[in-house]
Amino acid sequence: MPKINPFKPNHPVSPGMFAGRLEEIRHLEKGLWQTKNGHPNNFLVTGERGIGKSSLLQLIKYFANGDIESSYGVNFNFVTVNLVISHKTNLNSAVKLIDRILKRELGKVEKIRSFLESTWDFVQRLKILDSGIESTVQNSEIDILIDDFAYSLSETCKRISNKEDGTRLKDGIIFFIDEADNTCENLHLGYLIKAVTELLVQYECHNVMFIVAGLPDVIDKLSNSHPSSIRIFNHLIIKELSPSDRHYVVERGIEKGNEINEEITKITSKAKNLISTLSEGYPHFIQQFSYSAFDYNSDGEIDEDDVTGGAFGKGGALDEIGTRYYHSAYNEQIKSDDYREVLSIMSNSMNSWIKKSDILKEFSGADYIVTDALKALTSRKIILKNPSKRGEYRLQQRGFALWIKMFGERKK
Ligand SMILES: Nc1ncnc2c1ncn2[C@@H]1O[C@H](COP(=O)(O)OP(=O)(O)OP(=O)(O)O)[C@@H](O)[C@H]1O
Ligand SMILES: [Mg+2]
């Protein structure tokens, strides 16, 4: 029987295999505590592709639901609303979705169900508009919709978190808004959250919290929607995992595997070190390299050869990561090998600034190609141009640089 592979390169990690992020968890838990006690905090979680934003949100959701005990020695009891933003999500569809989720989460109690029906009846009148049409909707209509939404939300939250009759059903409502970088203009996300948080205060509702996550450019997108929307958030930037956390991920995975498989798998410390070094702390690299090494191994002990075999072979970890995260930037958006050579030269500096003159020194073709490449790659936002120093460029993401570098390694 083939062994079940315990590593999860394609899914947010489960709480039992979650590593690190102690600071971030502490901040978010404190936010939950504050919100429970009537002083809501909102958070913006940003970081590169695959750095672990969704995994962190998922973990905090377990805390918020009360599935995991908080470090305050209590189990929180929030209603959680999960929204994953796509390019198609507009204001109407988001409100409709929230209405559905709240009814699903809370509608089990008879009394609450009829309360929700009447409190959220404005949603029945909303039509799902496609993005082309909605852009013509007047601002005043948007404001009316946001006010209806905020009022219904505040009434709902007060109803379920009211302590007066001694039956506090819930601690409040937590919104988890993931992939917020996908937000389109018609969602008005920055404006929506800013306006709703202000209206909630007016309607004396103090137990609602927003946790928004996305790629770093979500900041610009929220600001474009409302210039001061960023100020309502505490900002958490998610970074690479430390070497000890990387080891923990690998060890926990192996342990999990041994719990579910009859045949035991071991891993040498050199193999663990290699995964840790190759990954540079990127959780999606750790999971994928571990997954591929586990798959490649056939003798029950994962060693360095299994790691490299699994990583660099055809259909191995590098190919998988490429397909999942970087394929579009590297293959679809760039049709020329010359441009890929420029990226490859730049990746030696990871995502630090590099002078055009230094790229020219290493490039194998004519100078004008480098000029064209830098222009094209900048306009496609694959690389950035230094706004304060002429002739300096850099790759946007360290993870992307690392992947390009390793592709070069593979040839060797
Ligand atoms: N703290 C962690 N411990 C162990 N593995 C993790 C951790 N965080 C993330 N991972 C793993 O890394 C990979 C990417 O994680 P996740 O999907 O959470 O990242 P993301 O930042 O949401 O990515 P994207 O930008 O694509 O949405 C997954 O395989 C996940 O299991
Ligand atoms: Mg994610």
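Residues numbered from 1 in each chain as written. Chains lettered and ligands numbered in written order. Predicted model: local features only at pLDDT ≥ 70, side-chain atom pairs only at ≥ 80, totals over all residues. Heavy atoms only, no water.

A. The packing of helix H10 (residues 269-279) against helix H12 (residues 304-312), seen in detail. Between H10 and H12, the shortest axis-to-axis distance is 8 Å and the interhelical angle comes to 35°. Here Lys270, Ala271, Leu274, Ile275 and Leu278 of H10 come into contact with H12, specifically with Glu304, Val307, Thr308 and Phe312. Of the residues that constitute the contact of H10 with H12, the class distribution is 6 nonpolar, 1 polar and 2 charged. (Axes fitted to C-alpha atoms, helices over the stretch in contact; angles between N-to-C directions. Helix = DSSP H or I, 4+ residues; strand = E, 2+ residues; numbered from the N terminus. Contact = heavy atoms within 4.5 Å. Nonpolar A, V, L, I, M, F, W, Y, C, P; charged D, E, K, R; others polar.)

B. A look at the pattern of salt bridges. Overall, the coordinates contain 13 salt bridges when judged by the stated rule. Among the salt bridges present, the one from Lys103 reaches Asp99, with a minimum N-O distance of 3.0 Å. Highlighted residues: Lys103 and Asp99, both in helix H3 (residues 91-106), separated by 4 residues, approximately one helical turn. With respect to burial, Lys103 and Asp99 carry one shared label: buried. In the salt-bridge network here, residues are joined through shared partners; they are Asp99, Lys103 and Glu117. (Salt bridge = Lys/Arg side-chain N within 4 Å of Asp/Glu carboxyl O. Buried < 20%, exposed > 50% of the residue type's maximum accessible area, 1.4 Å probe, protein only.)

C. A look at the packing of helix H9 (residues 243-260) against H10. Put simply, H9 and H10 touch, their axes get as near as 9 Å, and they point 125° apart. Judged by the inter-axis angle, H9 sits oblique to H10. Pair H9 / H10 crosses with right-handed handedness. Seen from H9, the contacting residues are Pro243, Arg246, His247, Val250 and Glu251; seen from H10, they are Lys272, Asn273, Ile275, Ser276 and Ser279. Residue composition of the contact of H9 with H10, grouped by class: 3 nonpolar, 4 polar and 3 charged. (Parallel < 35°, antiparallel > 145°, perpendicular 65-115°, else oblique. Left-handed = near helix turned anticlockwise from the far one by under 90°.)

D. Structural context of the domain arrangement of the chain. Domain annotation of the chain identifies domain 1 (21-237), domain 2 (243-319) and domain 3 (334-411). Measuring from the centre of the C-alpha atoms in domain 2 to the corresponding centre in domain 3 gives 30 Å. Taken together, the contact between domain 2 and domain 3 spans 11 residues of the former and 9 residues of the latter. Here domain 2 packs against domain 3, burying approximately 900 Å² in sum over the two surfaces, 63% of which is carbon and sulfur. Three residues stand out in domain 2 for area buried against domain 3, namely Glu280, Phe312 and Leu318, and they jointly supply 55% of the buried area on that side. Across the contact surface, domain 2 and domain 3 share 1 salt bridge. Glu280 serves as the salt-bridge partner of Arg398, at 2.6 Å between the closest nitrogen and oxygen. At the junction of domain 2 and domain 3, the tally comes to 2 residue pairs in polar contact (both at pLDDT 80 or more). Breaking the side of domain 2 that touches domain 3 down by element, the ones donating at least two residues are H10, helix H11 (283-296) and helix H13 (317-332). Across the side of domain 2 that touches domain 3, the residue classes break down as 6 nonpolar, 2 polar and 3 charged. (Domains from an automatic or database assignment. Buried area = accessible area lost by both parts, 1.4 Å probe. Polar contact = N/O pair within 3.5 Å; in protein donor to acceptor, adjacent residues only side chain to side chain.)

E. Local environment of the sheet that holds strand S3 (residues 173-178). If you walk across this open sheet you meet the 5 strands as S2-S3-S4-S1-S5, and the pairing is parallel. Edge positions in the sheet fall to strand S2 (79-84) and strand S5 (233-237), since each has one partner strand and no second. Looking at each pair of strands side by side, their axes are set apart by 15° on average, direction ignored. Relative to strand S4 (residues 208-214), S3 runs parallel, the two sharing 5 bridges. Paired with Ile177 across the two strands is Val212, which belongs to S4. (Pairing = 2+ DSSP bridges.)

F. Main features of helix H4 (residues 110-119). Residues of H4 that are buried: Ile112, Phe115, Leu116 and Thr119. Seen end-on, H4 carries its buried residues on one side only, within an arc spanning 100°. (Arc of directions from axis to C-beta.)

G. Summary view of the sheet that holds strand S10 (residues 392-395). With antiparallel pairing, 3 strands are arranged side by side in an open sheet as S8-S10-S9. The two strands at the open ends of the sheet, each matched to only one other strand, are strand S8 (354-355) and strand S9 (383-385). One ladder, built from 3 bridges, connects S9 with S10; its direction is antiparallel. From the neighbouring strand, Leu384 faces S10, where its bridge partner is Arg394. In this fold helix H14 (residues 337-347) packs onto S8, S9 and S10, with an angle of close to 90° to the strand it touches most, S10.

H. Summary view of unusual backbone geometry. Although it is not a glycine, Met350 sits at a positive phi angle of roughly 50°. On the secondary structure map, Met350 appears in the loop between H14 and S8. Residue Met350 is classed as buried on the basis of its relative accessible area of 10%. One non-glycine residue, Lys381, adopts positive backbone phi at about 60°. The topology assignment puts Lys381 in the loop between helix H16 (367-379) and S9.

I. Summary view of the site of ligand 1. Around ligand 1, the surrounding shell holds 22 residues, and the nearest of these are Lys8, His11, Lys53, Ser54 and Ser55. Measuring from an oxygen atom of ligand 1, one finds a backbone N or O atom of Ile51 at 3.3 Å. (Near = heavy atom within 4 Å.)

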